[in-house]
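Summary of the model geometry
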Amino acid sequence: MRSYMFKFLFTARLVVAALYARQQSSGTPAAQDLPKGLWQNVPKAQPKQDNTYYNGQPKLNTEPPISDAPVAPEFAAHPIDIPFGRLHNGALKYFPAGQLNTPDGITDDWQPNVNDFANQSACGIPDNAFYISKVAIHPYFLKYSPDGLGLSRYCMQDVCVSFITPQWSQDMILKVTDICCTDVNNPNCCHSPNEIQIDRTKAQILFGFSGQDQKSVPELSGSEMPGGSNWFFTKCWDDALVQPGYADNWWSTPRLPNNEQVPVDAQQVENNNNTYPSKGWKPYPISGYHQNRVPWVIDDWQAGDLDPEWEPVAGGVGWAKSASNSMASSNMSRKSFP
């Protein structure tokens, strides 16, 4: 895995240029006139039995090849969607030992047909499907899920998080697969919507600690990365795409190509800014692509607010609190570990 900053800046130019061109065009339809289109299907029940996901292909340790394949309609811009491109800043919390697909490790292992279980995430996606390229988000963001989709929208193949060093020198991309716990007494949980939870190996690579023993690096041995991170929702690419060994499952159908030339985010921001006011939400700048922008201030959430009710999908469980289960813990009945 490598830095994404060159590609990040290149794509930012594409996005901003595309948005500017659309704003200058009189032929762009209003967001309310755009067809709703399709959404990727996310099953409510577990689609396969546990431990049957892997199709035999080896782990991909680098980015998949760049593709010029078209993006399926399911992943096109919609009249209203989650706040892609809106910059946030907050703590980078780590998945703790026991919360990954190995009970004692502090980072994920790759063990297909050994530790593939739908209940390793709220999305019903086993950890191996995205290996260490996964992220849990605060349940606050479920309020933005369109068309009554709830958690399903964030589980779809195109919803990722780009996280960036505070100096804007490096960035990486992660696939949303889970909801972060919000227990204020647990230092690994997300205590505000600005916080996200990641595998510490991703932070190790991004912040320049590759090759070092994680337990010997103070920044990696605690519950979070000191100094936090900038981050924003973005469309998925590179190693935030599903591993080839898991390419015949619901979370990879239809296949999202590694196509960097389609600036869908820009159209989505434009559409959101046309439709958000009807929901009582403020329009926002496409600030995730500009390092001189101030992070978005979340003014409709306060510490102590109740989390929105939500349900896991596709046989998922995860480690957060949902409407159907109490706060998950290491004592919870799970089949995560053989």
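In case you missed it, the structure is sitting above this.
Let us look at the structure shown here. (Residues numbered from 1 in each chain as written. Predicted model: local features only at pLDDT ≥ 70, side-chain atom pairs only at ≥ 80, totals over all residues. Heavy atoms only, no water.)

Re the layout of surface pockets
The condition that has to hold: A cavity, in this analysis, means grid points on a 1 Å lattice covering only the protein atoms where a 1.4 Å probe fits yet has no way out; a pocket is instead an open set bounded by protein on both sides within 12 Å along at least five of seven lines, and a residue lines either one if it has an atom within 4 Å of a point. Grid points are joined across faces, edges and corners, and a volume is the space filled by probe spheres set on the points. Amino acids outside the nonpolar list (Ala, Val, Leu, Ile, Met, Phe, Trp, Tyr, Cys, Pro) and the charged list (Asp, Glu, Lys, Arg) are all regarded as polar, and Gly is one of them.
Approximately 340 Å³ is the volume attributed to the largest pocket. Around the largest pocket, the lining is made up of 20 residues, and of these Thr 182, Asp 305, Leu 306, Asp 307 and Lys 321 lie nearest the centre. Across the lining of the largest pocket, the residue classes tally to nine nonpolar, six polar and five charged.

Here we look at helix H5 (residues 264-275)
Spacing of three or four residues puts side chains on the same side of an α-helix, whose turn is 3.6 residues. This is how the line gets drawn: Helix numbering and strand numbering both begin at the N terminus, where a helix is a DSSP run of H or I of at least 4 residues and a strand a DSSP run of E of at least 2. Here the expected length of a helix is defined as 1.5 Å per residue gap, with one fewer gap than residues. Think of it in three bands: with a 1.4 Å probe and only protein chains considered, a residue is buried below 20% of the maximum accessible area for its type, exposed above 50%, and partly exposed in between.
Here H5 is 12 residues long and its end C-alpha atoms lie 17 Å apart, about the 16 Å a rise of 1.5 Å per residue gives. A large share of H5 lies buried, amounting to 10 of its 12 residues. Here H5 has its buried residues at Val 264, Asp 265, Ala 266, Gln 267, Gln 268, Val 269, Glu 270, Asn 271, Asn 272 and Thr 275.

Structural notes on the pattern of salt bridges
Under the convention used in this document: We define a salt bridge as a contact between a side-chain nitrogen of Lys or Arg and a carboxyl oxygen of Asp or Glu at a distance within 4 Å.
In this structure the tally under the stated criterion is nine salt bridges. What emerges from the salt-bridge pattern is a single network uniting Asp 81, Arg 153, Asp 158 and Lys 235.

Points about the nonpolar core
Stated precisely, the cut-off is as follows: Take the buried residues of types Ala, Val, Leu, Ile, Met, Phe, Trp, Tyr and Cys, join any two whose side-chain atoms come within 4.5 Å, and each joined set is a nonpolar core. By definition, residues are in contact when any of their heavy atoms lie within 4.5 Å.
Ranked by internal contacts, the top residues of the largest apolar core, which has 66 residues, are Tyr 154 and Phe 233. Those residues in contact with Phe 233 that sit more than four places away from it in its chain are Ile 82, Pro 83, Phe 84, Gly 85, Ile 137, Phe 141, Tyr 154, Val 159, Cys 160, Val 161, Val 176 and Asp 265. The next biggest cluster of nonpolar side chains, apart from the first, holds nine residues, and it includes Phe 75, Cys 160, Trp 237 and Leu 256.

Concerning the pairing of strand E4 (residues 171-179)
Just so we agree on the cut-off: Note on pairing: two strands pair once DSSP finds at least 2 bridges between them.
Across the nine residues that make up E4, a large majority, nine, are buried. Bridge analysis of strand E2 (residues 134-137) against E4 gives four bridges, and the strand direction is parallel. Residue pairing across strands places Ala 136 opposite Asp 178, the latter belonging to E4. Summarising the sheet, strand E3 (residues 160-164) and E4 pair through five bridges and their orientation is antiparallel. Looking at the pairing, Phe 163 lines up with Met 172 of E4. Counting the residues between successive antiparallel strands, the hairpin from E3 to E4 contains six residues, one of them, Trp 168, with a positive phi of roughly 60°.

Some words on the packing of aromatic side chains
Note the following rule: Each aromatic pair joins two rings of Phe, Tyr and Trp (for Trp, the six-membered one) with centres within 6.5 Å, and gets the label stacked for planes under 30 degrees apart, edge-to-face for over 60, and tilted for any other angle. Two conditions define a charge sitting above a ring: the NZ of Lys or the CZ of Arg must be within 6 Å of the ring centre, and it must be within 35 degrees of the ring normal.
In the structure shown here, the tally under the stated rule is 18 aromatic pairs. For the ring pair Phe 141 and Phe 233, a centre distance of 5.2 Å and an interplane angle of 80° mean the geometry is edge-to-face. Taken as a pair, Phe 141 in the loop between E2 and helix H2 (151-155) and Phe 233 in strand E6 (residues 224-234) lie far apart in primary sequence, 92 residues in all. On the basis of relative accessibility, which here comes to 0%, the residue Phe 141 falls in the buried class. The class of Phe 233 is buried, set by a relative accessible area of 0%. Each member of the aromatic cluster is reached from another via a ring pair, and the members are Tyr 140, Phe 141, Tyr 144, Tyr 154, Trp 231, Phe 233, Tyr 276, Trp 281, Tyr 284 and Trp 296. The ring of Tyr 284 has Arg 86 sitting right over it, with the charged end atom 5.8 Å from the ring centre.

A look at the sheet that holds strand E1 (residues 88-94)
Operational definition: Working convention: axes come from line fits to C-alpha atoms, limited for helices to the stretch in contact. Angles between N-to-C directions cover 0 to 180 degrees.
Strand order in the closed barrel formed by six strands is E1-E5-E2-E4-E3-E6, with mixed pairing between adjacent strands. Here the strands of the sheet are splayed against their neighbours by 45° on average, with no regard to which way each runs.

Considerations on empty space enclosed by the protein
The tally for this structure, following the rule as stated, stands at two cavities of 30 Å³ or more. Reported here for the second largest cavity is a volume of approximately 40 Å³. If you go around the second largest cavity, the residues you meet are Phe 95, Gln 99, Leu 100, Gln 120, Asp 127, Lys 134, Thr 177, Asp 178 and Trp 319. Each residue belonging to the lining of the second largest cavity can be placed in one class, and the counts come to three nonpolar, three polar and three charged.

Just geometry here; none of it tells us what the structure is for.
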